[in-house]
Amino acid sequence: MSTSPENVIVTRNLTKTYRDFWGRPKVKALNSLSIDVKRGEVFGLLGPNGSGKTTTLKLLLGLLFPTDGEVSILGRPATDVSKNEKIGYLPEESYLYRFLNAEETLDFYGRLFDMPASVRKERTRELIKMVQLDHAKRRQLKEYSKGMTRRIGLAQALINDPELILLDEPTSGLDPIGSRDMKDLIIGLKERGKTVVMCSHLLADVQDVCDRIAILDGGELKVFGRVQDLLKDQGVTQIKTSKLPPEAMKEVEAVLQKHGSKVMEVDNPTATLEELFIKTVRESAARPGQRYIPPSN
Amino acid sequence: MQLSFDPRPFDLLGGLKVWGVVCLVVVALAWGIAGLLMFLQSGAPGLARLIDLTTGLIRDFLQTSPRRVWALAVHTFREAARKRALWVFAVFAVLFLFAGWFMPELKQSPDMAIRNYVSFVLRTITWLTIPVVGLLACWGLPEDIRLRSLHTVVTKPVRRQEIVLGRIVGFLGIGLLVLLIVGSVGYVWIVRQVPENFGQVTARVPIYGELRFLTREGKSEDEQGMEASGVNVGDEAIFRQFVEGNTQARAIWRFEGVDMNRLQNGQLILESTFQSFRTHKGKVDQELLGQFTLVNPKNGVRVPLQTFFNREFRRNSYNVTERNSRGEGGKLELKDEQGRTVDLAKDVLDGGQLDVEVACLSPGQFMGMARPDLFIRLPDRAFLTAYGKGLFSIFLMLTMIVVLGVMSGCFLKGPVATMLTGFIFLVGRLSHDFLQQLTSDKLLDNPKLQMRGRGLLESLYRLPTHLGPQIEVEDNTTQRVIKAIDNIELNALWGVKYLFPDFTQFDATAFVANSFDVPWDAALLPNLATTIGFCVPWIIVGYFALKCRELEAK
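(A) Broad picture of the overall build of chain A. In terms of helices and strands, chain A carries nine helices and ten strands. For chain A, the C-alpha atoms occupy an extent of roughly 70 × 55 × 35 Å along the three principal directions. Looking at chain A as a whole, 38% of its 297 residues are labelled buried. Sequence separation of 24 or more characterises 67% of the internal contacts of chain A that already satisfy a separation of 6 or more.

Shown next as structure tokens:
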């Protein structure tokens, strides 16, 4: 399959059918998926449970073999092991070795990349600091909370400073702050020129970080394009101003009527619950023992 | 003390030939079936995929990274250690703490006592380490796949054979550590248990010869023109053949490579374990009388030695060159049949070949002999050497089990992999002789060695027609067709037989426990060859199974 160097991932008619013991088709998990992921973008795979997004990720990684169609990652077939040199993968659940501690985990995965000991050590130190697990780096993973396990999972995905990072439900199991950190990290990776593919059904997360998305349902591609383009409603104009007095509102309505338009909704903007939560936790950390009262407008 | 085994030098070239044939047949069959299936499924691209898989094998193995293999091995070792696999030490320690209570002291027979101690230690080590390491090997990969921790490994630049090799090396590391520690404890325990009246335990180094017989008339062929054999005194198992007393019947051993430089301080020592069979009471308090005659086959010099009494169930040591055994001291003067003094080095051992004729001198009595019943004893080696080789043999068996377990785990779930490994181990341990016997005439056209009536169709014919296995069936077209079809089955069975390694050969206890060194050519070389011969194809099968397996398949 010929691919342009700009495309990091290319799939053409990618199909996966699960079969039973006798080889009879059981479930068609993915049907003729054709997408391109461009270098340096954050790409989101969206869809409800069972829509085929995790199957797509596993086909890209060579954990599953396609029933039909083709897939190329970094210009190589998905089954080519050498492609993994430049890939980082965070699985949906952190399938890590629970008898290792954080340092041993990162050291082990670093060894699999043939990294020299000094580089491994330095990288391990950096990543543990990045995912804020300094305090627990010598505890076995079986003692970690789900959020901590996700963090160390992310660290192992970044051990080789990959060009392409595949994240399966990256924010699942994380508290809002961890979730925000994860999203900041994804944006940070994009700023460093990395390509990120994430699949999630948490729409807000995807909207926050993704440049382009594909929405799958029942194993089929339903929507594919830039997030901004897909969400923009060309038939509605939104104006954001400082607080208007009632008289000014009436004047605005009159102007709109004059031009054949009408006011559809007038409201004060609300913050998201995520923003409120983060603010509360940060304020609480800054003033321990005091209740945080959000400022009223 | 008697040996129940017959150590023979291993035919490496012959073994390689059989290995090559079996591998070729299996590869051709596997490739043919896989090619057909892939062609039927996907047409020409299916065949291209098969070719790609085959060339990929060579490519992948050439790109194996020892550092990654080592990383996976260390990881496997750590995993096993943290899963408390090393608790086997505790079981071993408990066994040794209390073993002394249950072992007979046998002060009257220190040989027997040593044999018991050594057998106990080596068998305990074998049966403690093999199940533990075997279970770890069978469950390691399947659990890794089930818990999906392998996903984070295969999505790194790790080739499938590196995973297989890493697992194998890791489990072998565990096995080696266990063997070294329990082996050392066992060695100290044995040495401390040696009875005071025994002296030091050593490892005897024998030179075995080839045995032939002369009839009671002194002929090398019997009346039917067949090669002479000894007398069968009625034993069901014909391990020993008997020489009749006071006749010209002889048992003759031919020893090769006998050199003065190899002998113990220039002393020629013969050790024997002959059996006595009495047809009448005779002198009941006196053992049977025998005589050795040394013969140089090159120059025909014959040197009859002093007669000896055959003490049954003990080591009979006969020093040809010294009078020590009689307590007189000094060198013995060797004389030929004409009474002329001969020199051992110049006249008897010249040419490196030596025949030793054994005669029974007690009239009407019989002396029974088998090939390993007489040997020339070379300078002893340290007991630790033989013990170490015994442990090495166990390690080779452990290697086989680990590779087999890891290979099974590449395509089966833990319990099934354990069952497959256990099945192959048990068949190889308990039924290998039976399989050997069943297919013996595939290679041997000697009718004496064939088992009659064992073909499937022939048996089906014999049952309703009431023809016992001793009765020849008619030679007609039907029977020829039956035999031809049966021959195909037996050929297939011959191939199947080689899929089951003979695990009994790894048991070096008989050597070490009987104070013998473990020989390279008759024990270690065949063990090493068998290990490599089986493990290489098993590793390749494991690699293919893991490569072709969808780790996320539902």
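On we go.
(B) The arrangement of the domain arrangement of chain B in detail. All names here are of chain B. Split into domains, chain B comes out as domain 1 (13-63), domain 2 (66-203 + 382-429 + 506-554), domain 3 (240-369) and domain 4 (432-499). Taking the mean C-alpha position of each, domain 1 and domain 2 sit 30 Å from one another. Elements represented by at least two residues in the side of domain 1 that touches domain 2 include exactly helix H1 (12-42) and helix H2 (44-62). Here the residues of the side of domain 1 that touches domain 2 are counted per class, giving four nonpolar, two polar and one charged.

(C) Here's a closer look at the sheet that holds strand S6 (residues 275-278) of chain B. Residue and element names in this part refer to chain B. Read from one edge of the open sheet, three strands run S3-S11-S6, paired in antiparallel fashion. Each end of this open sheet is capped by a strand with a single partner; those strands are strand S3 (241-244) and S6. Between one strand and the next, the sheet's axes are offset by a mean angle of 30°, whatever the strand orientation. The pairing of S3 with strand S11 (residues 365-369) spans four bridges and is classified as antiparallel. Bridge pairing in S11 places Phe242 opposite Gly368.

(D) Seen up close, unusual backbone geometry. One non-glycine residue with positive phi stands out, namely A:Asp114, at about 60°. Locating A:Asp114 in the fold gives a position in the loop between helix H2 (102-112) and helix H3 (117-130). Since 15 C-beta atoms lie within 10 Å of it, A:Asp114 is described here as partly exposed. Look at B:Asn246: it is not a glycine, yet its phi comes out positive at around 60°. Along the chain, B:Asn246 falls in the loop between S3 and strand S4 (250-255). Using a count of 14 C-beta atoms within 10 Å as the deciding quantity, one classes B:Asn246 as partly exposed.

(E) Molecular detail of the interface of chain A and chain B. At the interface, 24 residues of chain A touch 22 residues of chain B. The set of elements that each furnish at least two residues to the side of chain A that touches chain B consists of helix H1 (53-61), strand S6 (87-90) and H2 of chain A. Among the elements that make up the side of chain A that touches chain B, the one with the highest residue count is H2(A) (four residues). For the side of chain A that touches chain B, a count of residues per class yields 17 nonpolar, three polar and four charged.

(F) Spotlight on the nonpolar core. If you look at the biggest cluster of nonpolar residues, it comprises 141 residues, and the most contacted ones within it are A:Leu166 and B:Val402. Broken down by element, this core gets its largest block of residues, 16 residues, from helix H9 (residues 383-409) of chain B. Other than its neighbours up to four places away in sequence, B:Val402 contacts B:Val133, B:Ala137, B:Ile168, B:Phe171, B:Leu172 and B:Gly175. Formed by 39 residues, the second largest nonpolar core is a distinct cluster that contains B:Phe213, B:Ala249, B:Phe292 and B:Ile376.

(G) Expanded view of the sheet that holds strand S10 (residues 354-360) of chain B. Residue and element names in this part refer to chain B. Taken in spatial order, the five strands of this open sheet run S2-S4-S10-S7-S8, and their pairing is antiparallel. Each edge of the sheet is formed by a strand with only one pairing partner; in this case those strands are strand S2 (210-214) and strand S8 (302-310). This sheet shows a mean twist of 25° between the axes of neighbouring strands, independent of strand direction. In this sheet, S4 lies alongside S2 in antiparallel orientation, the contact comprising five bridges. Looking at S4, one finds that Arg212 is bridged to Ile252.

(H) Geometry of the packing of helix H7 (residues 160-193) of chain B against H9(B). Residue and element names in this part refer to chain B. As a packed pair, H7 and H9 sit with axes 9 Å apart at the nearest point and diverge in direction by 150°. For the element pair H7 / H9, the angle class is roughly antiparallel. Note on packing geometry: the crossing formed by H7 with H9 is right-handed. Between H7 and H9, the contacting residues are Val164, Arg167, Ile168, Phe171, Leu172, Gly175, Leu176, Leu179, Gly183 and Tyr187 on the first element and Leu384, Tyr387, Leu391, Ile394, Phe395, Leu398, Thr399, Val402, Val403 and Val406 on the second.

(I) Quick peek at H9(B). With 27 residues, H9(B) extends 39 Å between its outermost C-alpha atoms, agreeing within 8% with the 39 Å of an ideal straight helix rising 1.5 Å per residue. Within H9(B), 23 of the 27 residues are buried, which leaves it mostly tucked inside the rest of the structure.

(J) Quick look at helix H8 (residues 246-258) of chain A. Between its first and last C-alpha atoms H8(A) spans 19 Å; for 13 residues at 1.5 Å apiece the expected length is 18 Å, and the two agree. One or two steps after H8(A), the chain reaches A:Gly260, where phi turns positive at roughly 80°.

(K) Focus on the packing of H1(B) against H2(B). All names here are of chain B. Packing of H1 against H2 brings their axes to within 6 Å, and their N-to-C directions diverge by 140°. When the axes of H1 and H2 are compared, the pair comes out oblique. In the packing of H1 onto H2, the handedness of the crossing is right-handed. Residue-level contacts link Ala34, Gly35, Met38, Phe39, Gln41 and Ser42 of H1 to Pro45, Gly46, Leu47, Arg49 and Leu50 of H2. Looking at the contact of H1 with H2 residue by residue, the classes come out as six nonpolar, four polar and one charged.

(L) Geometry of the environment of B:Pro45. Relative to the elements of secondary structure, B:Pro45 occurs in helix H2. For B:Pro45, a count of 12 C-beta atoms within 10 Å gives the class exposed.

Scoring rules and cut-offs
- Residues numbered from 1 in each chain as written.
- Chains lettered and ligands numbered in written order.
- Predicted model: local features only at pLDDT ≥ 70, side-chain atom pairs only at ≥ 80, totals over all residues.
- Helix = DSSP H or I, 4+ residues; strand = E, 2+ residues; numbered from the N terminus.
- Buried ≥ 20, exposed ≤ 12 C-beta atoms within 10 Å, placed from the backbone.
- Contact = placed C-beta atoms within 7 Å.
- Domains from an automatic or database assignment.
- Nonpolar A, V, L, I, M, F, W, Y, C, P; charged D, E, K, R; others polar.
- Pairing = 2+ DSSP bridges.
- Axes fitted to C-alpha atoms, helices over the stretch in contact; angles between N-to-C directions.
- Core = buried A, V, L, I, M, F, W, Y, C linked by C-beta atoms within 7 Å.
- Parallel < 35°, antiparallel > 145°, perpendicular 65-115°, else oblique.
- Left-handed = near helix turned anticlockwise from the far one by under 90°.
- Expected span 1.5 Å × (residues − 1).

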